Amino acid sequence: MSQNPFETFYNLNDIMEGLDIERALSIYRVIDTDGRVVADKEPDLPRELLLNMYIYMIRTRILDGWLLKLQRMGKVALHAPNIGEEAVSVGSALSLSKEDWVFPYYRNIGVFIARGVSEEEIIDRNMANIDDPFKGKEFTILGSKRHRIGPVTVPVGNQIPHAVGFALGARIAGENIVVMTIFGDGATSRGGFHAGLNFAGIHRLPVVFVIENNQWAISVPVKKQTGSPTFAIKGVAYNIPGIRIDGNDVIAVYITAKEAVDRAREGKGPTLIEAVTYRMGPHTTADDPSRYRPPEEVKRIERYDPIQRFRRYLIDRGYISEKEDKEIYEEWSRKIEDIVRKCLSKPQLPEEVIFDDVYSKRFWNLEEQVSEFRESLEIMKKLGVRVE
Amino acid sequence: MSQNPFETFYNLNDIMEGLDIERALSIYRVIDTDGRVVADKEPDLPRELLLNMYIYMIRTRILDGWLLKLQRMGKVALHAPNIGEEAVSVGSALSLSKEDWVFPYYRNIGVFIARGVSEEEIIDRNMANIDDPFKGKEFTILGSKRHRIGPVTVPVGNQIPHAVGFALGARIAGENIVVMTIFGDGATSRGGFHAGLNFAGIHRLPVVFVIENNQWAISVPVKKQTGSPTFAIKGVAYNIPGIRIDGNDVIAVYITAKEAVDRAREGKGPTLIEAVTYRMGPHTTADDPSRYRPPEEVKRIERYDPIQRFRRYLIDRGYISEKEDKEIYEEWSRKIEDIVRKCLSKPQLPEEVIFDDVYSKRFWNLEEQVSEFRESLEIMKKLGVRVE
Amino acid sequence: MPVMNMVQALNTALREEMKRDPRVIVLGEDVGRRGGVFLVTEGLIDEFGEMRVIDTPLTEMGIVGIAVGLALYGFKPVAEIQFIDFVYEAFDQIVSEAAKMRSKTGGMFTAPIVVRAPCCGGVKGAMHHSQSPESYFIHTAGLITMMPSSPYDAKGMLKAAIRAEDPVIFLEPKSIYRTIKEEVPEDDYVIPIGKGKIVREGSDITIVTYGAMVYTALEAAKLAEEKHGWSAEIIDLRTLFPFDKDLIIKSVEKTGRLIIVHEAPKTLGLGAEIAAYISENAIDLLRGPIIRVTGYDTPFPLVHEKLYMPNIARIYLAMQKIMMY
Amino acid sequence: MPVMNMVQALNTALREEMKRDPRVIVLGEDVGRRGGVFLVTEGLIDEFGEMRVIDTPLTEMGIVGIAVGLALYGFKPVAEIQFIDFVYEAFDQIVSEAAKMRSKTGGMFTAPIVVRAPCCGGVKGAMHHSQSPESYFIHTAGLITMMPSSPYDAKGMLKAAIRAEDPVIFLEPKSIYRTIKEEVPEDDYVIPIGKGKIVREGSDITIVTYGAMVYTALEAAKLAEEKHGWSAEIIDLRTLFPFDKDLIIKSVEKTGRLIIVHEAPKTLGLGAEIAAYISENAIDLLRGPIIRVTGYDTPFPLVHEKLYMPNIARIYLAMQKIMMY
Ligand SMILES: Cc1ncc(C[n+]2csc(CCOP(=O)(O)OP(=O)(O)O)c2C)c(N)n1
Ligand SMILES: Cc1ncc(C[n+]2csc(CCOP(=O)(O)OP(=O)(O)O)c2C)c(N)n1
Ligand SMILES: [Mg+2]
Ligand SMILES: [Mg+2]
């Protein structure tokens, strides 16, 4: 204890980073709903980056539509649509360098696309077919070691301490990388949020926490999730600066995330970003939002659509023409349709896959159980019963 | 959703209560280490209350000494001394009305004393003798329904959501009571702290959270427990006002807790109080603090002793004389010694008590196990073996 | 008598209990307007208001911790965990607090909460929406664990759980939430805790099971009867702890053969306790090994789940082994 | 060869493994300057620094969650839970994350952490400092669970745990942390996972046990031998899952009688699985019932703990029952 705790006073002027709360209470935006620049300063981003952002967002949306369709066709077990939230995934993912890692959550397909994971891999995964890199044990796209995307956790928010531990690992190893983790507004209520941010705050770890605040956790609205005015302000509890932004403005997302990533890389510690967005669709294909929210609310939000806003901006600024825009959309629609067709033709995973990867090797109990399993398949054949 | 989340700005001038952080960063104190008034305004507290506070603190310290001694004699399994922290327990407990409830933690013997639990009950409990109201299953004094003291939890901080749920219950029942819970600095890292404060913040429940920040969680100092400058500031995350006080100044504790209790009773919601104190002794009788903190640190803190400071104040103000002070101490030393003697003469709990209170009734498995148990006692007698 | 599925029966039980006893409070994620993701709490918020039907933030630890606090106050909280697979964050509150409250305080305080949750597989829920974790609760002294297999039982058992003076883990096999319909009396009835039932009488083999597996066992028994004339008696445990050992022993006295079927993984699944109990207390009744047909010792898979779960072929195989022994 | 107690042996294992492999990281509450409340990590911070010996905040969920993150990076975290009784907050991270990481990702990611903790009773630790919760872990596919009973084994087993490619729960019976001393080689040796050992040869009864109960069983065996000439063979499982079923079966082939002894509560304690396993796969070897001598199905009490735990009288009684059967 360097200071005498009984005599330690702090005041707002000794600005501790985590206490600069102005940015946690306002909302940062670069372009408005018409694609017009409203920020004091228009960030000077290269055209190629802007176009990439745009294409990634479009690919994400097309893919999302297909996953929805495949779910309805019974080819995919469950899907959590991310329509309207693409800017959060794409903008944050692009702020990272190749050597950085990101620990996203189930709604962040855009992160996978932006980091270079192919549509084919994502669809294989969601269909759990023979090429599923994860071999059919769980829904959703679960990460990609090659693309430095950490494993998605189905229990909400459990990846938050993983990202923090990973960043600690990088520090111990002397590797100067940044780790980002993305999670929903609901996830902020879980223990892992508290434990993860607390640890990152103590050790000033290079972690960027992105809250994808889409206003709802299934049917639970933000005001039942927290009593605090914003989520960004929660950083104060951990001495982590919090910043609130328009999450449907991909430029604002990118700029803010990039600033946080740079800070982290320079050893200035973690940042908490609250990206305000909106869940346009149902929570998942199993949900029926009409039970708990009025369709007017969704209508009211439509004009914030991140793709439309950004499209207008790009066209206004002359980065693309209407025609090029249409071509991009058509090209990717075609490509992804072909991929879907290909994926649909792939065989399913073999039956014994259910015994794989429980441990690094099979212990005797699973050996015994596999033989019973084989016998049961034999019996099915013999009796002519089908259970699947 | 009443507001459009994309267009909702907050600023510091719309002061939300949880954002009035001045008090969370400074430290409130009424009397200094010499018992001199340093607050702008000396609170006008009745002599009787002041004397009660003093006596409760003295009783707590004497009792604490005995529990330590009894532990060394092998009569008590474990004890967590609270020497130097009596002002937190006593000051907060006295701020409550009789009908209010408090959910303390294992270090708060002063809460029990101040709420009227007798030394005899506490010693019986700690000795787990025949009069132990809790029948010998766990260490520590575990609560008192009669005195409206909720059950202490040995897993650190687990009582926090209990207190919040209890307050919710009171609201549903239409009973206008306040619920207080006290816990250590270490407890702020656990999930229950996060879940409890979050829920209280959402529902503006009448809960007063008191952090007994004694600078250490066993060997872990505050700076390894959190990155935030104070614990009080953590209230911001939940829109709960946080207030930091000198926890060794019983008047400051009482005044602040009373204000919070009044606020809660008036429907103004929860408060988070950080009472800065210091753990003068070892964590428990099983600990050896010399391994991790220099004895100078403890020495430096001695002058903040809450009893000495308050004693000087009372004498300076003429509330008691030196002679009366001595008499109080001697009277209670005598009384408590007699009680200890009495408790030591009590028999132990019967053997079969271990099967009690698992469920509201014994199911067949325990019936079967009790017969095996009885047989085993028989066999012991027959063989002449002793296992206890 | 109205015909109901299990969701309706559970909903009815909750509604009736909330009417009967103002102390009953429902809380959990999405239990309000959404009515729970399976609609078990549908409409309750309209009838009883936001004070008694509480949408909580996303924290299982909080849900159970708050429920314990409510119970300490004197309420009777029925906490929903959206899928039992997400209960683990609440484990400390369940195992250290709810289960031990009475014991720790010598009966001064009790925390008779109900934690109800959809469980088990069969709906392509994959690893984190298909689990059968009853063993964790059965092993924990201080908890009662139940799982109904039919709408009729569901109503009477949930009422028993709500009226119990001890904490109850109430597991609802989601695959039969809507597939089984039957008449459910409108009266107030309670199915006593600890009582199983014989769902099929037989003389050659005793099959002990519960939840959705009751129906799989019935199919297998039918098949075996048709093929070989073997007569299987099937016991639906209903209460998993304290389980109805008398009913099991009585049946094994008759049949001399015992198979246990459950979806939970084999190692230390409830089958282990039943087998151990019989081999400790009634081994002489047995004419052959005790066979367990269970989920395999792996996480629950998305693909081939019907092959993973006990199915008609696997149960038939076990019957064959035990009859040919 | 130096003579060590178990704390010293564990400390040596940690030190040697940290020297051998820079990926080994120790983290937990009070593991730094304090050296852990039982001093198992004593001195490590001086030797390896604050980067590799990390005092964490008071959050078991955080400890294990951070450890999983470290393992994903490629480190080999050895997380200490101060008492295993406090592991429940970390249950979600253990059961949903560490145990399922490999399976969920088809082997792309793994989280081979070690969670070590003092366990079991016998030191007047009461309800929350005496538990034997191994069943929760044994039932969870994806975890290995171990418990040493001697300094020699402790060193070789902890090394095996640290080198394992799967997550390991490593339970240390605190009552024998300092009471048993023996020679512990200075070389690097590993006791293979899954291998039990015979600590006493015998021909009449097989007693399967582990941890501190090995010594209680030995005493009871001696008493029974003296009194009646009964010869008990005692198996120390060491690895609780996957347990050494071959060793058990071989012994029961010889003795025909089986007693299982553990401190954990009876219902679904590991004894249940062993009894069930034998009654499924080797019932014909048995000459009588399989008897379990275990902690009772109650929370662990402060008073009369030595009567609660399996003791010499209770084991003797079981031997009598089985020999007289
Ligand atoms: C621990 C846990 N509890 C409950 C669930 C069920 N569930 C899945 S998503 C979800 C809501 C998540 O909300 P949020 O974090 O805001 O993310 P969003 O889905 O809105 O993007 C819930 C309750 C879960 N997956 N994990
Ligand atoms: C969940 C849990 N983890 C670990 C422990 C062991 N333990 C007992 S007290 C303590 C430190 C508590 O520190 P703090 O909350 O600051 O309270 P203090 O003892 O300093 O008053 C620890 C780690 C516990 N009781 N519960
Ligand atoms: Mg959301
Ligand atoms: Mg402390």
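All values reported here derive from a predicted model rather than from experimental measurement.

**Q** Got a sec to walk through the domain arrangement of chain A? Specific residues and values, please.
**A** Along its sequence, chain A is organised into domain 1 (12–345) and domain 2 (351–382). Once you take the C-alpha centre of each, domain 1 of chain A and domain 2 of chain A turn out to be 39 Å apart.

**Q** Tell me about the side chain of Asp249(B), residues and numbers included.
**A** Residues and elements named next belong to chain B. By the element assignment, Asp249 lies in the loop between strand 6 (242–246) and helix 9 (250–265). One buried charged side chain, Asp249, makes no salt bridge at all; its nearest oppositely charged neighbour is Arg309, positioned 4.4 Å away. A distance of 2.5 Å separates a polar atom in the side chain of Asp249 from the backbone nitrogen of Val30. Not counting the four nearest positions on each side in its chain, Asp249 is found in contact with Arg29, Val30, Ile31, Ala87 and Arg309.

**Q** Residues and numbers for the site of ligand 1, please.
**A** Taken together, the neighbourhood of ligand 1 is formed by 21 residues, with Tyr105(A), Tyr106(A), Arg107(A), Trp216(A) and Glu60(C) sitting nearest. Among the chains of the assembly, those with residues near ligand 1 are chains A and C. Within the side chain of Asp185(A), an N or O atom sits 2.9 Å from an oxygen atom of ligand 1. Contact between ligand 1 and Ala187(A): an oxygen atom at 3.1 Å from a main-chain N or O atom of the residue. In isolation ligand 1 exposes 570 Å². Once the protein is present, 97% of that is buried.

**Q** Which residues make up the packing of helix 9 (residues 245–255) of chain D against helix 10 (residues 270–281) of chain D, and what values go with them?
**A** All names here are of chain D. At a minimum axis distance of 11 Å, the contact between helix 9 and helix 10 shows a crossing angle of 60 degrees. On the basis of the axis angle, helix 9 is oblique to helix 10. For the element pair helix 9 and helix 10, the recorded crossing hand is right-handed. For the pair formed by helix 9 and helix 10, the contact residues are Lys245, Ile248 and Ile249 on the first element and Ile274, Tyr277 and Ile278 on the second. Of the residues contributing to the contact of helix 9 with helix 10, the split by class is five nonpolar, no polar and one charged.

**Q** So, the coordination of the magnesium ion (ligand 4): which residues are in play, and what are the values?
**A** Residue and element names in this part refer to chain B. For the magnesium ion (ligand 4), the protein coordination sphere consists of Asp185 (OD), Asn214 (OD1) and Trp216 (O), at 2.0 to 2.2 Å. Sequence spacing among the residues donating to the magnesium ion (ligand 4) works out to D-x28-N-x1-W. With Asp185 in the loop between strand 2 (179–184) and helix 7 (191–203) and Asn214 in the loop between strand 3 (207–213) and strand 4 (216–217), this residue pair connects regions lying 29 residues apart in the sequence. Just as Asp185 is buried, Asn214 falls in that class too.

**Q** Can you break down the site of ligand 2 residue by residue, with the values?
**A** In the region of ligand 2, 21 residues are neighbours, and Tyr105(B), Tyr106(B), Arg107(B), Trp216(B) and Glu60(D) sit closest. Residues lining ligand 2 come from chains B and D. Separating an oxygen atom of ligand 2 from a side-chain N or O atom of Asn214(B) is a distance of 3.0 Å. In isolation ligand 2 exposes 580 Å². Once the protein is present, 97% of that is buried. For the shell around ligand 2, the per-class residue count stands at 11 nonpolar, five polar and five charged.

**Q** Tell me about the interface of chain C and chain A, and please be specific about residues and values.
**A** Of the residues lining the interface, 48 residues belong to chain C; the matching set on chain A comes to 49 residues. The contact between chain C and chain A buries some 4,100 Å² in all, and 64% of this surface belongs to carbon and sulfur atoms. Considering only the surface of chain C that becomes buried against chain A, Arg34(C), Leu58(C) and His304(C) emerge as the three largest contributors, covering 17% of it. Counting across the interface, chain C meets chain A through eight salt bridges. Between Lys321(C) and Glu375(A) there is a salt bridge; the shortest N-O distance is 3.5 Å. In this structure, the connection of chain C to chain A is made through 19 residue pairs in polar contact (both at pLDDT 80 or more). Taken together, the elements giving at least two residues each to the side of chain C that touches chain A come down to helix 8 (213–228), helix 11 (305–308) and helix 12 (312–324) of chain C. Among the elements that line the side of chain C that touches chain A, the one with the most residues is helix 12 of chain C, at seven residues. Class assignment for the residues of the side of chain C that touches chain A results in 21 nonpolar, 11 polar and 16 charged.

**Q** Describe the interface of chain A and chain B, and please don't skip the residues or the numbers.
**A** The interface of chain A with chain B comprises 51 residues on the first partner and 51 residues on the second. In this assembly, chain A packs against chain B so that about 4,500 Å² is buried in total across both faces, 60% of it on carbon and sulfur atoms. Inspection of the region where chain A meets chain B yields two salt bridges. When the shortest N-O distance is used, the salt bridge between Arg29(B) and Glu7(A) registers 3.3 Å. At the junction of chain A and chain B, the tally comes to 24 residue pairs in polar contact (both at pLDDT 80 or more). Elements represented by at least two residues in the side of chain A that touches chain B include exactly helix 1 (22–25), helix 7 (191–203), helix 8 (222–225), strand 6 (242–246) and helix 10 (295–301) of chain A. Looking at the side of chain A that touches chain B element by element, the count peaks at five residues for helix 7 of chain A. Among the residues forming the side of chain A that touches chain B, the class breakdown is 22 nonpolar, 18 polar and 11 charged.

Rules behind the numbers
- Residues numbered from 1 in each chain as written.
- Chains lettered and ligands numbered in written order.
- Predicted model: local features only at pLDDT ≥ 70, side-chain atom pairs only at ≥ 80, totals over all residues.
- Heavy atoms only, no water.
- Domains from an automatic or database assignment.
- Helix = DSSP H or I, 4+ residues; strand = E, 2+ residues; numbered from the N terminus.
- Buried < 20%, exposed > 50% of the residue type's maximum accessible area, 1.4 Å probe, protein only.
- Lys, Arg positive; Asp, Glu negative; His and termini not counted.
- Salt bridge = Lys/Arg side-chain N within 4 Å of Asp/Glu carboxyl O.
- Polar contact = N/O pair within 3.5 Å; in protein donor to acceptor, adjacent residues only side chain to side chain.
- Contact = heavy atoms within 4.5 Å.
- Near = heavy atom within 4 Å.
- Areas by Shrake-Rupley, 256 points an atom, 1.4 Å probe, with all protein chains shown as cover.
- Axes fitted to C-alpha atoms, helices over the stretch in contact; angles between N-to-C directions.
- Parallel < 35°, antiparallel > 145°, perpendicular 65-115°, else oblique.
- Left-handed = near helix turned anticlockwise from the far one by under 90°.
- Nonpolar A, V, L, I, M, F, W, Y, C, P; charged D, E, K, R; others polar.
- Donors = N, O, S within 2.8 Å, 3.2 Å for Na, K, Ca; no water.
- Buried area = accessible area lost by both parts, 1.4 Å probe.

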